[in-house]
Amino acid sequence: MLKNLAVKGYIIILLISFILCINYASAQDYPKATVQIVVPFAPGGATDIFWRSVADSLGKNLGGTIAILNKPGGGGIVGTSSVVNAKPDGYTLAAGNSDTLNLTPLFTRDLPFDTINDLTYIAKFAIFLHTVAVRTESPFKTLEDLVAYAHANPKKLKAGTPGVGTTPYMALHIFNQDAKVEIVPVAFGGGGEVVPQLLGGHIDAAFISIPPIKSQYLAGKARILAMFSEKRHPAYPDIPTAFEKGYKKTVITTGIGLVGPKGLPSSIVKKWEEVAEKTMKDPNVISTIQKFDYVADFKRGEDFRKEVADEMAFFKDLMQKAGIKPGAKK
Amino acid sequence: MEIIKELLFGFSVALTPMNIFYCFLGVLVGTLVGVLPGVGPPAALALLLPATFYVPPASAVILLAGIMYGAMYGGSTTSILVNIPGEAASVITCLDGYQMARKGRAGPALGISAFGSFIAGTISIFLLILLAPTLARFALRFGPPEYFALMVLGLSILVYLAKGSIINALIMVCFGLLLGTIGLDPLTGVPRFVYKITTLMDGIGLVQVVIGLFGISEVLLNVEKTFKQEIFETKIKGLLPNREDWKRSIGPIGRGTFIGFFLGVIPGMSVVIPTFVSYVMEKKISKHPEKFGTGVIEGVAGPESANNAASSGTLVPTLSLGIPTGASTALLLGALMMHGLRPGPLLIKESPEVFWGVVASLYVGNVMLLILNLPLIGLWVKILKVPYHFLFSLIVLFCIIGSYVTNNNPYDVVIMVIFGFIGYAMKKFDFEAAPLVLALVLGPMMENAFRRSLVISDGNLWVFFKRPLSAIFIVIALFILFSPLFLRKGRLSEDLRSD
Amino acid sequence: MKRRFKIYCSLFWFLFSVIACHQASRLKIGEFSQPGPGFFPLSIGIVMGILSIIALIISFLKREKKGLSITTEKIRWWNIAIILVLIIGYALSLEKIGFLINTFLLITILLKVVEPQSWKTSISGGLITAILSDLVFNFFLRAQIPRGIFGF
């Protein structure tokens, strides 16, 4: 009899301690445990490297530990969707790149969630830039050369992109409209695949982000004709932007941000916004991420969401005008 | 000679106590991680990439390169012992390696695997040093048409891979090709055969398929009947390869090295393909091809050497041009960048201690692998003595973990199970898994290359013949496919007669 | 192998190829300068269909080999089914229940049911395996296999 009671009592104590262990979020003691940031891309990639480099500083400013978990797949959708359904207690967040949030939904139908409305936008941290490049042997020495040739020979130029639905792919289409030319996109599996094709002369130009082309550029094997931002990249002051050359619409960068499940308490979001702003102003952090060519660009959560949504509307409009109907069934 | 001086310099970097330690650590961890099914070099690198942040650049890369090699070697261990490919490239080793283990010859299989890898690694490192710049330039000549032609050549080799019915093997190839189309179409972004299942958007993972097809199906086959006979022969016949084994393996090792290295140089070439090619070549050259698949040592020696040589080959474009050739090298480059290094043509000028230190440590790593793994053979072989009614549960667990860990996605495990059942059914109905796997690997590359070629050539099909390299590949492929029809009665009629 | 089974197989693959072709044709086939997503699957589906018909014809033509059928012993279907269901259950509940508990359950059940061991062996085997593998994977390799809502 006694033994029975003891067993029951023991079980009750166990249950109570389990219940007590379940944390619920309050900003005062947030974070109480390790914050998990899901990076929906493979380790070693641009996004992954960014988060790993800032994780330390972020953790310090946040007052806790940050763990990075990679869940690649579907251009970022697989990992992000795992966070959509997580508990909104601030311990499971996701790296949200602007192209996953506003480009992928335009190219892939039947997504399991609404990227604009089913997530809490926490903050924007930085951007990375995209370029149009040719190999050194190419006859195009400047962007103007490229455009002139393209005008005279519609659909003759073949330019590689990292894939349908990526930012550089979009950049190519925007540029086509802006410069009124018809450059044909050839989709590959990421910037890393485009570069050897460019160097080998199998394609005439490449629209890709900086990291893949950087070492070729520095070694003199490739020329970066222009970047697609408003202002010149601080680390590459000699490379002009398409914007300054008169292509005012071709301004497109990929934003690196942080998102969380819907319903995240605003106190937690606010805390993150402060932490993000502080971290991205830290000169140490800035110099670290500059090594990988990111440019710090902080925005608060709601501003980030608005930016992403506006861009999405712009892309939608552009795609209609250009007659791009990907994901269409017959 | 300039190069000798550089190499000595490299050794001086690689042989500092700290770097020796890192090399050993990398090789050790790589082996252990590689033994885990489904966790191959990319996963191993990914797991430990964060840890390398706090370590000086040259040491970090030495560590990572060691992991890459270690994982590559560790993968073959499970292939031989329990028919679970440690990673996709070890699939071929399962074919004969596991059969050797069942006959009590796991020791020699593991041994020749270790030695073959070592020899291949050593030779290919020298090839790397001597030929890197030339090869890198050659690798650039591969545009979409060349890739397509090469893939066609790869598929044509399948004709010789099949042990049994050719028709069944061809059906498996079609099945594999179709499976490869599942997911988002890379050229248009259209989802194909995805049916709103999120996990399928990226396609069916090769790792999960392979673990299921080989590992789980084998377990299922073994448990369906009562264990009347031992799964593994209890009398272990020797721990190391004997004279006879060596005589038969030297050729395959040599051929495998060259096949592996030169194929590995091509960017995007999966390490799986050279192993298949080596296996088929050995089978074709052998005086007793029908024995392949029952446990011949050539079927292990060749592919294992090709495996290791291909890993070195993939480093050629990576180190000399800064171009990633696959998942592992992409991670390696990522690690270099994390340390502020600039991989690419300038690496050798700007950071010679990294470049030459890495090259030298590759050799050191190979030596360590050998020293580390030979004594372990005794240990691994003991594992086989564990009664199967306990061992199988561990195998199942490892299969689960292996298929989960790549993407931290539980549905990957479900896919693995499905293919486990499919593999089980396939074995019952005389369909082989190897052609399926090869088609799954080649299919997407082939299709993408084909479509890109057509975009670049504006729809002109002659593009494959106008370019010398791709024309050569296609001609060879056609020859391989149709020659049996002329030379002999061909396998089809054999199909009709025998069973 | 019984001729009957070969015929079933060929029919199965034929059916499969028909479905594949049908699904593929719902995607854009495209033209030569821009091959669409449906082009490749459709072609392969057609080839597979042809191959399965050839297989069907061959299985009719061949004489049936005298000899053993597929099995002479009883097959223990239960084992197969249990293993498959267990693994799926493990995977789907992993993120809620956690690695340690799931592994323990998996090994224990496998040991007990498939090739019956005593309760003592099964449970202790399960415990040891679960704890050891948790150490190796989560601690040493930092594989981050989920801990589940109980925190371990």
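Residues numbered from 1 in each chain as written. Chains lettered and ligands numbered in written order. Predicted model: local features only at pLDDT ≥ 70, side-chain atom pairs only at ≥ 80, totals over all residues. Heavy atoms only, no water.

Asks: Just checking my understanding: could you explain the overall build of chain B for this structure?
Replies: Each helix and strand counted, chain B has 21 helices and 2 strands in total. Taking 499 residues into account, the globule formula puts the C-alpha radius of gyration at 23 Å, and chain B, at 22 Å, falls close to it. With the C-alpha coordinates of chain B rotated into their principal frame, the extents come out at 65 × 60 × 50 Å. When contacts within chain B are restricted to residue pairs at least 6 apart in sequence, those whose partners lie at least 24 apart make up 79%. Per element, the accessible surface of chain B, about 16,900 Å² overall, is 71% carbon and sulfur. (Helix = DSSP H or I, 4+ residues; strand = E, 2+ residues; numbered from the N terminus. Rg over C-alpha atoms; globule rule 2.2 N^0.38 Å. Contact = heavy atoms within 4.5 Å. Areas by Shrake-Rupley, 256 points an atom, 1.4 Å probe, with all protein chains shown as cover.)

Asks: Sorry, what's going on with a nonpolar patch on the surface here?
Replies: Judged by side-chain polarity, W119(C), I123(C), L127(C), I128(C), I131(C), L132(C), L135(C) and V136(C) come together as a nonpolar surface patch covering roughly 760 Å² of accessible area. By relative accessible area, L135(C) is classed as partly exposed at 40%. (Patch = residues over 30% accessible without salt bridge, like charges linked within 9 Å, V, L, I, M, F, W, Y side chains within 5 Å. Salt bridge = Lys/Arg side-chain N within 4 Å of Asp/Glu carboxyl O. Buried < 20%, exposed > 50% of the residue type's maximum accessible area, 1.4 Å probe, protein only.)

Asks: I keep staring at the interface of chain A and chain B and nothing clicks. Help me out?
Replies: It is common to give the size of an interface as the accessible area that goes away when the parts come together. With 50 residues of chain A at the contact, the number on the chain B side is 43 residues. Each partner contributes to the roughly 3,600 Å² buried at the junction of chain A and chain B, and carbon and sulfur atoms together form 65% of this total. If you sort the residues of chain A by the area they bury against chain B, R52(A), K158(A) and H202(A) come out on top, with a joint share of 14%. Applying the counting criterion to the chain A and chain B interface returns 2 salt bridges. Put simply, K158(A) and D458(B) hold a salt bridge, and the shortest N to O gap is 3.4 Å. Across the contact surface, chain A and chain B share 7 residue pairs in polar contact (both at pLDDT 80 or more). Where the side of chain A that touches chain B is concerned, the elements lending two or more residues are α2 (46–62), β2 (66–70), α3 (77–84), β7 (184–187), α7 (191–199) and α8 (210–218) of chain A. Tallying contributions element by element places α7(A) first for the side of chain A that touches chain B, with 6 residues. (Buried area = accessible area lost by both parts, 1.4 Å probe. Polar contact = N/O pair within 3.5 Å; in protein donor to acceptor, adjacent residues only side chain to side chain.)

Asks: What is the right way to look at the sheet that holds strand β3 (residues 92–97) of chain A in this model?
Replies: Backbone-to-backbone hydrogen bonds pair the strands of a sheet. The strands run either parallel or antiparallel. Residues and elements named next belong to chain A. Pairing in this open sheet of 6 strands is mixed, and the strands run β2-β1-β3-β10-β4-β11 from one edge to the other. This sheet does not close on itself; its edge strands, each paired only once, are β2 and β11 (294–300). Between one strand axis and the next, the sheet turns through 25° on average, direction left out of account. Here strand β4 (residues 119–128) pairs with strand β10 (residues 254–261) via 8 bridges, running antiparallel. Bridge pairing in β10 links A126 to I256. Helix-sheet contacts for helix α11 (residues 301–322) involve β3, β4, β10 and β11, and the interaxial angle to β4 is about 75°. (Pairing = 2+ DSSP bridges. Axes fitted to C-alpha atoms, helices over the stretch in contact; angles between N-to-C directions.)

Asks: Explanation requested: the domain arrangement of chain A in the structure shown.
Replies: Residue and element names in this part refer to chain A. The domain boundaries assigned to chain A delineate domain 1 (1–25), domain 2 (31–128 + 254–322) and domain 3 (130–227). A C-alpha centroid distance of 27 Å is found between domain 2 and domain 3. Each partner contributes to the interface: domain 2 provides 13 residues, whereas domain 3 provides 13 residues. Both faces considered, domain 2 and domain 3 share a buried interface measuring about 1,200 Å² in area, 67% of it formed by carbon and sulfur atoms. Connecting domain 2 to domain 3 are 1 salt bridge. The partner of K214 in a salt bridge is D293, with the nearest N and O atoms 3.2 Å apart. (Domains from an automatic or database assignment.)

Asks: In this structure, what is going on with the interface of chain B and chain C? I would like to understand it.
Replies: The partner chain C presents 66 residues to the 68 residues of chain B that form the contact. Where chain B meets chain C, there are 0 salt bridges. At the boundary of chain B with chain C, the tally comes to 2 residue pairs in polar contact (both at pLDDT 80 or more). Classifying every residue of the side of chain B that touches chain C gives 47 nonpolar, 9 polar and 12 charged. (Nonpolar A, V, L, I, M, F, W, Y, C, P; charged D, E, K, R; others polar.)

Asks: Before we go on, may I ask you to explain the state of the cysteines in this structure?
Replies: By definition, a disulfide links two cysteine residues through a covalent bond between their sulfur atoms. All told, the structure shown has 0 disulfides over all chains when counted by the stated rule. With no disulfide of its own, C9(C) lies closest to C174(B) among cysteine sulfurs, the gap being 15 Å. On the basis of relative accessible area, C9(C) is assigned to the buried category, the value being 13%. C174(B) supplies the cysteine sulfur nearest to C21(C), a cysteine that is in no disulfide, at a spacing of 10 Å. On the accessibility criterion, C21(C) (17% relative accessible area) is buried. (Disulfide = S-S within 2.5 Å.)

Asks: Would you mind going over the environment of V152(B) with me for this structure?
Replies: Residue and element names in this part refer to chain B. Topologically, V152 is positioned in helix α7 (residues 144–161). Relative accessible area serves as the criterion here: at 22%, V152 is assigned to the partly exposed category. Taking C-alpha positions, V152 is 32 Å from V35, a pair spaced 117 residues apart along the chain.

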